[in-house]
Amino acid sequence: MDKKNNDVLKENGSNLKPLRIPFRLLKPCSIYTVSVDGCVANGYTTFTSSSGKGETVPETVVTNVTDKEVCLKGIFNDTQKWNLTECVEITEQNSCASTHTVELDTCTYTMNVSMPPVKPEIRFNTSIPSQFEWTNKPEKCMSTLEVICNQKDTYGLNEPVSLLPNQYYTCTGEYPYETRPIKSDPLSIHIDCDLEKNAGFTDISHNSIHMSWKAPEEDNCSNIIWSSYSATCQTSEKSEPLQSTCTQGKADSTHCTNTQLHPFTTYTCIINAKLHGHEYTLFSINQTTFPAEPELKSITVQMSSHNSVHVQCSNLTEPNDWNGDAGHFEAVIKYNGDPIKPLEKKRHCWFSFSDLHYLTTYEIEVTATNKQNNRTVLHRDITTNYNDKAVVGFLLLFIIATSIAVLFVLFKMYLLKRKRNEEDEDCEYVNVPMRVHRMATKQQTRG
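(A) Summary view of the overall build of the protein. Summing up its helical and strand segments, the protein has two helices and 30 strands in all. The buried share of the protein, taken over its 447 residues, is 32%. The long-range fraction of contacts in the protein, counting pairs at least 24 apart against all pairs at least 6 apart in sequence, stands at 54%. Total accessible area on the protein stands at roughly 29300 Å², and carbon and sulfur atoms take up 49% of it.

Below you can see the structure in the form of structure tokens.
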């Protein structure tokens, strides 16, 4: 049994034969006590195994490590069978040491091995920017400890770190050692910042939104110097965001404007800022643009007869064309600026005007009005045709009069012919030779 650790080596023997215990199984420089069961020693029972000044262990390996201790094993050559295994408590004094000394009874042995640090403790001030600190860092340990947050982002020590405000983080310090890093206890971090305190809309119209943001004072995020700003507005997560134009007043304020918006539409507007290559959301809020005039672009007028018209236009959809809540249509027909028929109001754009004057120019006015009382008015001039019924009547009268006149002429011709026939029947005819008649006629002429 050795004196210090009470390690026992046992050998069994019988029949009083001599028993040899090889010293190569013993620790060097150690005091041992020999005892034999049932016997009394004759002489000294204590001896020291191999004396010397101590040596360096040829090779040392780490067999196990925990937060509190590390177990070391010495590897010797074939002639040495000393089972050198020690589990050493990790303290601030031996943290990150390059050697470990094995204390024996009469000498020491040196194990060349890098010791792990004592369990690290880390700290982070909940402000932006801040940095991670190793509060119980031993003097011999280099600054190789890294902090891993949310199992993905890695940060060094004493370097500016800008975590996202109003987010939850779980950060753990890790010191690389052998195959198992030495870890600190998880550190929960939440940087509470009222970023939207000085943010809002400065001006809203039917197609534009103006936003402004200024860093809050005396806040965990008040010392941030933002590198750039950007802003977007979009109607839904699936829609394409509309980029805004931002003007940076100072490093801690900005003004952003978007003039590409549609009336009476709800947008989610966001102001972002960049810091060290990371983008942060400073401000996000829903806002509805003001209503505007309905998008009534054209009307169609068709002549249903020579003195009546139909008026039609495309029905507006809600809310894209109405630019507000769906409203109604109104139509009126005017002559020389004065309405000649009562105003008509309908939900659908379909109107009819009849009993108009022939060959007359009228003005048709159609108005679309949404429920927010925004309206769009369109005008269209139309000229009615001639009185087709009067023309037909005139033609019929002309045909009848002409027919009567023709019949009258024919009747008169008939009567004249009949009269001549009656006169011819009352006359007596004398046949005179043509020549004699001519001569007589000639003599009468001379005489």
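(B) Structural detail: the sheet that holds strand 22 (residues 278–288). Ordered by their spatial adjacency, four strands build an open sheet running 18-17-21-22, and the pairing between neighbours is antiparallel. The outermost strands of the open sheet, each flanked by one partner alone, are strand 18 (242–243) and strand 22. Note that strand 17 (residues 228–234) and strand 18 share two bridges and pair antiparallel. Within strand 18, the position partnered with Cys-233 by the bridge is Leu-242.

(C) Expanded view of the pattern of salt bridges. This model, assessed by the stated rule, comprises seven salt bridges. Between Arg-180 and Asp-67 there is a salt bridge, with its nearest N and O atoms 3.6 Å apart. In this pair, Arg-180 sits in the loop between strand 12 (168–175) and strand 13 (182–183) while Asp-67 sits in the loop between strand 3 (59–65) and strand 4 (69–75), placing the two residues 113 residues apart along the sequence. With a relative accessible area of 33%, Arg-180 lands in the partly exposed category. For the salt bridge of Lys-119 with Asp-185, the shortest nitrogen-to-oxygen distance reads 3.2 Å. With a gap of 66 residues between them, Lys-119 in the loop between strand 7 (108–112) and strand 8 (122–124) and Asp-185 in the loop between strand 13 and strand 14 (187–190) connect regions that are remote in the sequence. The partly exposed category is assigned to Lys-119, whose relative accessible area is 22%. Among the ionic contacts, a cluster of salt bridges with common partners joins Asp-67, Lys-119, Arg-180 and Asp-185.

(D) Quick peek at the packing of aromatic side chains. In this structure the tally under the stated criterion is ten aromatic pairs. Measuring from centroid to centroid gives 5.5 Å for Trp-226 and Tyr-280, while their planes differ by 65 degrees, and the two rings are edge-to-face. Placement of Trp-226 in the loop between strand 16 (209–214) and strand 17 and of Tyr-280 in strand 22 is noted, with a sequence separation of 54 residues between them. Taken individually, Trp-226 and Tyr-280 each receive the classification buried, so the pair is uniform in this respect.

(E) View of the sheet that holds strand 19 (residues 245–248). Strand order in the open sheet formed by four strands is 15-16-20-19, and the pairing between neighbours is antiparallel. Lying at the two open borders of the sheet, with one neighbouring strand each, are strand 15 (199–204) and strand 19. The mean angle between the axes of side-by-side strands here comes to 20 degrees, regardless of whether they run parallel or antiparallel. As paired strands, strand 19 and strand 20 (residues 253–258) are joined by four bridges and run antiparallel to one another. The partner of Cys-246 across the bridge, within strand 20, is Cys-256.

(F) Molecular detail of a nonpolar patch on the surface. Residues Val-406, Leu-407, Phe-408, Val-409, Leu-410 and Met-413 make up a contiguous nonpolar surface patch of about 610 Å² in total accessible area. Mapped onto the fold, Leu-407 is located in helix 1 (residues 388–426).

(G) Broad picture of the pairing of strand 4. In the sheet, strand 3 pairs with strand 4 via six bridges, with the strands oriented antiparallel. Counted as the bridge partner of Asn-64 is Cys-71 from strand 4. Counted along the chain from strand 3 to the antiparallel partner strand 4, the turn is three residues long. When strand 4 meets strand 5 (residues 85–89), the two strands line up antiparallel, connected through five bridges. When the sheet's bridge partners are listed, Val-70 is paired in strand 5 with Val-88.

(H) Focus on the environment of Asn-374. Inspection of the secondary structure assignment puts Asn-374 in the loop between strand 29 (361–369) and strand 30 (375–383). Note: C-alpha distance between Asn-374 and Pro-294 (80 residues apart in sequence) is 7.0 Å. With near-sequence residues (within four places) excluded, Asn-374 lies in contact with Pro-291, Ala-292, Glu-293, Pro-294, Ala-368 and Thr-369.

(I) The state of the cysteines, seen in detail. A complete count under the given rule lists seven disulfides for this structure. Across the disulfide from Cys-29 sits Cys-107; the S-S distance is 2.0 Å. Its S-S torsion of about 100 degrees marks the bond between Cys-29 and Cys-107 as right-handed, since a negative value means left-handed. With Cys-29 in the segment before strand 1 (30–33) and Cys-107 in the loop between strand 6 (99–103) and strand 7, this pair connects stretches of sequence that are 78 residues apart. Residue classification places Cys-107 among the buried residues on the basis of a relative accessible area of 6%. Between the sulfur atoms of Cys-71 and its disulfide partner Cys-87 the distance amounts to 2.0 Å. The chirality of the disulfide connecting Cys-71 with Cys-87 is right-handed, given an S-S dihedral of about 100 degrees.

(J) Representation of the confidence of the model for the protein within the structure. Here the protein shows a mean pLDDT of 82. Residues at 70 or above account for 86%. Residue range residues 436–447 is modelled with pLDDT below 50. Its contacts to residues more than four positions away, or to other chains, number one contact.

Thresholds, definitions, all that
Residues numbered from 1 in each chain as written. Predicted model: local features only at pLDDT ≥ 70, side-chain atom pairs only at ≥ 80, totals over all residues. Heavy atoms only, no water. Helix = DSSP H or I, 4+ residues; strand = E, 2+ residues; numbered from the N terminus. Buried < 20%, exposed > 50% of the residue type's maximum accessible area, 1.4 Å probe, protein only. Contact = heavy atoms within 4.5 Å. Areas by Shrake-Rupley, 256 points an atom, 1.4 Å probe, with all protein chains shown as cover. Pairing = 2+ DSSP bridges. Salt bridge = Lys/Arg side-chain N within 4 Å of Asp/Glu carboxyl O. Phe/Tyr/Trp six-rings, centres within 6.5 Å; stacked < 30°, edge-to-face > 60°. Axes fitted to C-alpha atoms, helices over the stretch in contact; angles between N-to-C directions. Patch = residues over 30% accessible without salt bridge, like charges linked within 9 Å, V, L, I, M, F, W, Y side chains within 5 Å. Disulfide = S-S within 2.5 Å. pLDDT = per-residue confidence, 0-100.

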